[in-house]
Every structure is written in C-alpha cells, then in structure tokens.
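Residue-level structural notes
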2 protein chains.
Amino acid sequence: MKLGEGVEAAIHCAATLASVDGNSTMPGAALAESFGLSPSYLLKHLNMLTASGILESVPGPAGGYRLARAAERITLLDIVLAIEGREPAFRCGEIRRNGPVKIDASAYVKPCGINAAMLKAERAYRAALAEVKLSDIVADYAAEGDPRSFAASCAFVERHQRRQKPSSTNQA
Amino acid sequence: MKLGEGVEAAIHCAATLASVDGNSTMPGAALAESFGLSPSYLLKHLNMLTASGILESVPGPAGGYRLARAAERITLLDIVLAIEGREPAFRCGEIRRNGPVKIDASAYVKPCGINAAMLKAERAYRAALAEVKLSDIVADYAAEGDPRSFAASCAFVERHQRRQKPSSTNQA
DNA sequence: GCAGACCTACTCGGATATCCGTTGTCCGAGTTCACTTGG
DNA sequence: CCAAGTGAACTCGGACAACGGATATCCGAGTAGGTCTGC
C-alpha cells in the first residue's frame, strides 16, 4: 500500500498545465524546474499521462505538453490510474485452492469473500478520487493558497508557455 | 498502489484461526500447509500480526497462534495496517516548495490541496475496510462458500489445532 | 528582394543502469513433553 | 511405585540472501525555426 512519487509529480504538473492558455504548450524541462525534479525522470511520467490520453505532446523546438481535454473532465483518478496502472491493488491469488486437500474446481465458482471486500474498499477509494476534478484542485489553489505562491506560479507559466502557431492555418 | 502478497495470506490465516476453539492454537506450519505457502515466509507475516496485537503466539511443542481477541473485534483494516504499515499510501513531498522561486515558508502554512484530496480518498478506503469484521468473513464463507471446501477447512483445523491444557492424549 | 534548401537547436520517446523494498530462506532462543533414573 | 532431573523435539523469533519494480539517467528520432545561397 504505497503510491509512487510520480503520482504527486503528475498531479502537480497536470494542475500547472491547466493554467496554460488554450492550445499553448509547456516543455517538460520547465515543469521539472518548477518543482525541482529530475527532467529526465519526469518525462517518463508525463509520457504515461500522454499514453493514457490525459496530456498531448507536441514535438519540436516550440513543443511541449498540454492537457488533452478540459480540466473539468480530468479527475484525480484518471491521473492515479495512468501512473500506477489500472489493475486493483489487491490481487486475489486464490490461495484457498492451494491447500493439501484438492477439491474440484466447481467448489470455487463463488468469488472469494475476502477479494470482494477488498475490491469494494478499493471502489470506494477510486470513487472518492473520481469526485475530485483537476479544475477543483486549481480553483482551490487559487482561492485557498497563498497569493504570493499563486502569483509566482502564474508568472512561471506565463514565462515558459509556448504558443502553437499563433497565426497559422490550423486555428479553430 | 500495490498491496503485498502477505495481506491475502494474513487475512486467510486470521479467518482460519477464527475457527479454532477458545484458547487452542494452530502452528504456523499448519497454516502454511493449508494454503500452500512457504512456512518460513508466512512466519514473518504472522509475526507482524502478533506485533500488532491481532494474534497471540505460544512457543513450545504444543504452541502456535491464536486470535488475541474475538473475531468480532478484528477488522480487515487492522490486518491490512498490520502488514502494510500504518502510514498513508500517498506521501506529500511538498514539491511545490522546491521550485526555482523561493518563497517564504509562511506561504505554505495551508496544507496542500492535493494531499488533502488524496488523504480523503484513503480515509474512505480505510473506512470501507474497517466496516468488515473478521467474523463477517467467516460467516460469509460458511454461508456462501461451497460446503465441501468449508468441511475440508474445518477438518483441517480440527486436525491441527493444539489445546493448551491437554486432558486426554487422544490422537489419531 | 524572394524562395528554396540546408543546418542547427530544441523537443519528446525509448532503451539503459542503479537503488530500495518485497520476497524467500535459514539458523538460533525458548519452552514443553517424554524418558530415564534414583529414592 | 513415584518423583525429580535430563534430554530431545517442536515451536516462534530475528538475522541473512535474492529477485522485482520503482527510481534515475542518458542517448537517439523527429520537428520547427533560423540562416545561407542561388535566382
């Protein structure tokens, strides 16, 4: 029962990316600098978020990352599952079958009650995470957080975000 | 977000121990055999349960393990915390402070909103586990489980449990 | 002056080492039962 | 015949390796922009 450190980094990065303009991007190196993390390692987590469809990546000198959809449609559960994997934490190994007395498989058609209880608890965990949207995190930070810290974050984002083809043909 | 294998073993062993008589004990080797586990490794987990006050251990040839209190007063949460540790799965590293712009510590008196959301979800998880008592697991197993498997388990327990005050040396 | 091609710089992405935790195993401390032996 | 001492066997407990995954790092593929050259 231990979450990797990447989860915290991923959520912070996603919250930061929620503050960038429409289709602008922010390089991974800037995000790493923003939190004092290793750029090379953060790339791995950002890549996982991209693979899960939470972020979009743009290559090239003016490239970077941006949210793949609105912050209101991204929950903490999405990010946690993207980093930690979608399979449940408790995996029933069916050790009840491994005893010395071998019984026919028909005796185990019913799912293990222990497994059911553990999965039920995990559903509660995931439900609680699914209720928190990324926009809630940002709004809470803007409202409850210290104004100095919030202003510094906004300035950092403004300084490092890169606009994607401001007057190009592909503009919707 | 991954629980160790020992959690499943610990819950199964605790449920098995709930079926032994009042102050009788069952050796760890018998429990390991009951689930096809490594005896040496299971001892480590049983020892953790003992250290947490869930089990009691009796040394000596007629020794073994037994529940330290009634099965109605043992929850799945107790067992999970005993094996996995009591600290929460999400540990806020306060990476928001590690940015390039150093801000006075007074800006971070408020707890991190992300940390609050993650801990809230974990409280829901633990609350769900705390609602399931070990006696519920046993009762569900007796009621819903296959009669053959249940009978085999009872026979196994009956064959391996050791009474602490043997008044008769009747052994098959 | 302008268009095209080339070159550079910057980005992400995956492949590669390193470190820590869980897994798995072993041997030692302690206790109770059974046997032996002396009264 | 009975009781105390002795030995042994069985138990738990903690200390000692081995594997796997998370952590951390580096180098390569790809792209956009800037620059140079020819027209």
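Quick note: structure is the one above.
In this report, the structure presented in the accompanying data block is examined. In this numbering scheme, every chain counts its residues from 1 along its sequence in written order. Here the convention is simple: chains get letters from A, ligands get numbers from 1, in the order in which they are written. Side-chain atom pairs in this predicted model are given and counted only at pLDDT of 80 or more, local residue features only at pLDDT of at least 70, and totals for whole chains, interfaces and linings cover all residues. Hydrogen atoms and water are omitted, and side-chain values are computed over all heavy atoms in the structure.

Side note on the protein's contact with DNA strand D
Put simply, the test is: Here, proximity means that at least one heavy atom of the residue falls within 4 Å of the molecule or strand. Any pair of N or O atoms that falls within 3.5 Å is considered a polar contact. Within protein, one atom must be able to donate a hydrogen and the other to accept it, and sequence-neighbouring residues count only if both atoms are side-chain atoms. For helices the rule is a DSSP run of H or I covering at least 4 residues; for strands it is a run of E covering at least 2, with both sets numbered from the N terminus onward. Gly counts as polar in this scheme, as do all residues outside two lists: the nonpolar Ala, Val, Leu, Ile, Met, Phe, Trp, Tyr, Cys and Pro, and the charged Asp, Glu, Lys and Arg.
Taken together, the neighbourhood of DNA strand D is formed by 19 residues, with Ser-38 and Tyr-41 of chain A together with Asn-47, Ser-57 and Gly-60 of chain B sitting nearest. Among the atoms of DNA strand D lying within 4 Å of the protein, the sugar-phosphate backbone contributes 69%. At 2.5 Å from a phosphate oxygen of DNA strand D is found a side-chain nitrogen or oxygen belonging to Asn-47 of chain B. At 2.8 Å, a backbone N or O of Gly-60 of chain B approaches a sugar or linking oxygen of DNA strand D. Looking at the surface near DNA strand D, the elements that each hand over two or more residues are α3 (39-51) of chain A together with β1 (55-58) and β2 (64-67) of chain B. In terms of residues, the surface near DNA strand D owes the most to one element, α3 of chain A, which gives three residues. Partitioning the surface near DNA strand D into residue classes produces six nonpolar, nine polar and four charged.

What to know about the nonpolar core
Definition in use: Within this scheme, the nonpolar core is defined by two criteria: the residues are buried Ala, Val, Leu, Ile, Met, Phe, Trp, Tyr or Cys, and they are joined through side-chain atoms within 4.5 Å. Three exposure classes are used, based on accessible area relative to the maximum for each residue type with a 1.4 Å probe and protein chains only: buried under 20%, partly exposed in between, and exposed over 50%. What makes two residues a contact is simply this: any of their non-hydrogen atoms within 4.5 Å.
Within the largest apolar cluster, 96 residues are counted, with the highest numbers of intra-cluster contacts made by Met-118 of chain A together with Met-118 of chain B. Apart from the residues within four sequence positions on either side, Met-118 of chain A is in contact with Phe-90 of chain A together with Leu-3, Val-7, Ile-11, Leu-76, Val-80, Tyr-125 and Leu-129 of chain B.

A look at the pattern of salt bridges
All names here are of chain A. The criterion, for reference: Salt bridges are counted wherever a side-chain nitrogen of Lys or Arg sits within 4 Å of a carboxyl oxygen of Asp or Glu.
Applying the stated criterion across every chain, the model contains 16 salt bridges over all chains. For Glu-122, the salt bridge identified is with Arg-126, shortest N-O distance 3.6 Å. On the criterion of helical spacing, the pair formed by Glu-122 and Arg-126 is a turn pair, its members being four residues apart in helix α5 (residues 113-130). Connected through salt bridges with shared partners, the residues Glu-94, Arg-96 and Arg-97 form a single ionic network.

Section: helix α3 (residues 39-51) of chain B
Residues and elements named next belong to chain B. Quick note on the threshold: Expected span of a helix, by definition, is 1.5 Å for each gap between consecutive residues, and there is one gap fewer than residues. The arc in question is the one traced by the directions running from the helix axis out to the C-beta atoms.
Between its first and last C-alpha atoms α3 spans 18 Å; for 13 residues at 1.5 Å apiece the expected length is 18 Å, and the two agree. The set of residues buried in α3 consists of Leu-42, His-45, Leu-46 and Leu-49. Looking down the long axis of α3, one finds its buried residues gathered within 100° of arc, a one-sided arrangement. What points out from α3, more than 90 degrees from its buried face, is the exposed set Ser-40 and Ala-51.

A look at the relation of the copies chain B and chain A
How we decide: The copies were overlaid with a least-squares fit restricted to C-alpha atoms from residues scoring a pLDDT of at least 70 in each copy.
For the pair chain B and chain A, the relating rotation is 180°, the translation along its axis is 0.0 Å, and the fit reaches an RMSD of 0.1 Å. The relationship between the two copies is best expressed as a two-fold rotation axis. When C-alpha distances to the rotation axis are compared across chain B, the minimum falls at Tyr-125 of chain B, with a value of 2.4 Å. A symmetric contact is evident, with 100% of the interface residues of chain B recurring at the interface of chain A.

The values reported here are purely geometric and, on their own, carry no functional implication.
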